[in-house]
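Results of the structural survey
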Amino acid sequence: MSRAVGTSGIVNDQAYPIADSLNTARKELVERLRAELEENLYCVLPEFVTPEALAAMTQEAKDLQPYANHNNSLRNCYLHRQKDETFPDDHARNLQDRSSVRMIAYDQLAEESVLKAFYHSEDVRQLVSEIVNEGNLYENEDPYQPANYVCYQSGDESSWHFDADNSFTMTLMIQPSSIGGEFQMSPNTRSDSEQNYSHVSAVLQGQRDDTIVAVGREPGALCIFKGCNSLHRVTPVEGDVLRIMGVFVYEFSPGVVGDPEVNATIYGSHVAAKSGV
Ligand SMILES: O=C(O)CCC(=O)C(=O)O
Ligand SMILES: [Fe+2]
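Summary of the structure given here. (Residues numbered from 1 in each chain as written. Chains lettered and ligands numbered in written order. Predicted model: local features only at pLDDT ≥ 70, side-chain atom pairs only at ≥ 80, totals over all residues. Heavy atoms only, no water.)

**So, the layout of surface pockets**
As a reminder, the rule being used: A cavity here means a set of 1 Å grid points, computed over protein atoms only, where a 1.4 Å probe fits but cannot escape. A pocket is an open set with protein on both sides within 12 Å along at least 5 of 7 lines, and lining residues have an atom within 4 Å of a point. Grid points are joined across faces, edges and corners, and a volume is the space filled by probe spheres set on the points. Three classes are used, and their members are as follows: Ala, Val, Leu, Ile, Met, Phe, Trp, Tyr, Cys and Pro are nonpolar, Asp, Glu, Lys and Arg are charged, and the others, Gly among them, are polar.
Taken as a whole, the largest pocket holds about 1500 Å³ of empty space. The wall of the largest pocket is formed by 49 residues, among which L79, H161, D163, A164 and I266 lie closest to the centre. Looking at the lining of the largest pocket residue by residue, the class counts come to 22 nonpolar, 16 polar and 11 charged.

Here it is in structure tokens:
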């Protein structure tokens, strides 16, 4: 099937000449973003996607929103829903907070989806792999995970958490909310070797707001971040403008698929029914 907008109409190639690997501005961009990601654990590419592509993505997300899976749970920042009796009540492991988001899975997207076309663009994947700088990137081959819309309506939020995956996360701001919905991060809250529980619980309890950065997210901004050791959250959304985020998964090796039980939790009954979980 043909795509509604070709890849070249999706990326703002005036500002980002991503298809031209010899372009000096592209080389400088990669160097700058690589350094930013390494130092700050996130980098942002403002106005990476054209207004036309954002309009098509916004429309698709709104059309699919009635079929989104509402993930609504109390969890700790390690993404566990159970308390751990072996730790005190005010320990980071037992501080729970609400998370409420609406997930639209890859299999729900139209064949001609602009979000899909963006995800499958080799130029985009090549650019991201150069910025992340950890070798080649491959498409994720799970039926549900590769490219998703995540919608936040009024009252939704994603409380402080560490991402489970030890690599990087790539998100595209499609439509910000009018109030709230700010993406905040406390870089390097823990490390691979040190859990820093007292510092983590101080951030969770609002005692270390001095460590928090708000990551600017105008429409069309692509964000690459390392959320595995850096607490981050999306503050509660208010007002009637839906916050719409595109989330994309690339892998460091080919052929990666997700765990069916995790998929059933994230994407809900339509996935659980298909995989028999
Ligand atoms: O919606 C965002 O800005 C980030 C959400 C998030 O925490 C994630 O995708 O890991
Ligand atoms: Fe996250």
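**Regarding the side chain of N71**
Which entries qualify depends on this criterion: Runs of H or I in DSSP of at least four residues are treated as helices and runs of E of at least two as strands, each being numbered from the N terminus. The rule is simple: take the accessible area with a 1.4 Å probe, protein chains only, and divide by the maximum for that residue type; under 20% is buried, over 50% is exposed, in between is partly exposed. Polar contact criterion, stated in full: a pair of N or O atoms within 3.5 Å, where within protein one must be able to donate a hydrogen and the other to accept it, and residues adjacent in sequence count only if both atoms are side-chain atoms.
Inspection of the secondary structure puts N71 in strand β2 (residues 69-75). Residue N71 is classed as buried on the basis of its relative accessible area, which comes to 15%. Here I266 takes part through its backbone oxygen, which lies 3.2 Å from a polar atom of the side chain of N71.

**Considering the coordination of the iron ion (ligand 2)**
How we decide: Keep in mind that water is not among the atoms, so a site may look incomplete; donors are the N, O and S atoms within 2.8 Å of the metal, or 3.2 Å for Na, K and Ca.
Taken together, the protein ligands of the iron ion (ligand 2) are H161 (NE2), D163 (OD) and H232 (NE2), with distances of 2.1 Å. Counting residues between consecutive donors of the iron ion (ligand 2) along the chain gives the motif H-x1-D-x68-H. We classify D163 as buried; its relative accessible area is 15%.

**Looking at helix α2 (residues 24-40)**
Heads up, the condition is: In this scheme, a helix's expected span is set at 1.5 Å multiplied by one less than its residue total. Here the arc refers to the directions that run from the helix axis out to each C-beta atom. Residue contacts follow a heavy-atom distance rule, with two residues in contact if any of their heavy atoms lie within 4.5 Å.
Taking 1.5 Å per residue as the helical rise, α2 with its 17 residues ought to reach 24 Å, and the 24 Å between its terminal C-alpha atoms agrees with that figure. Of all the residues in α2, the buried ones are R26, L29, V30, L33 and L37. One side of α2 carries all its buried residues, which in axial view fall inside an arc of 100 degrees. Exposed and oriented more than 90 degrees from the buried face of α2 are T24, E28, E31, E38 and E39. Among the structural elements, β1 (42-45), α5 (122-132) and β11 (222-225) are those in contact with the buried residues of α2. Put simply, N23 is the residue that caps the front of α2, since its side-chain oxygen is 2.8 Å from the backbone nitrogen of A25. In the stretch just after α2, L41 is the one whose phi turns positive, near 70 degrees.

Note that all results are geometric; they support no functional claim without further evidence.
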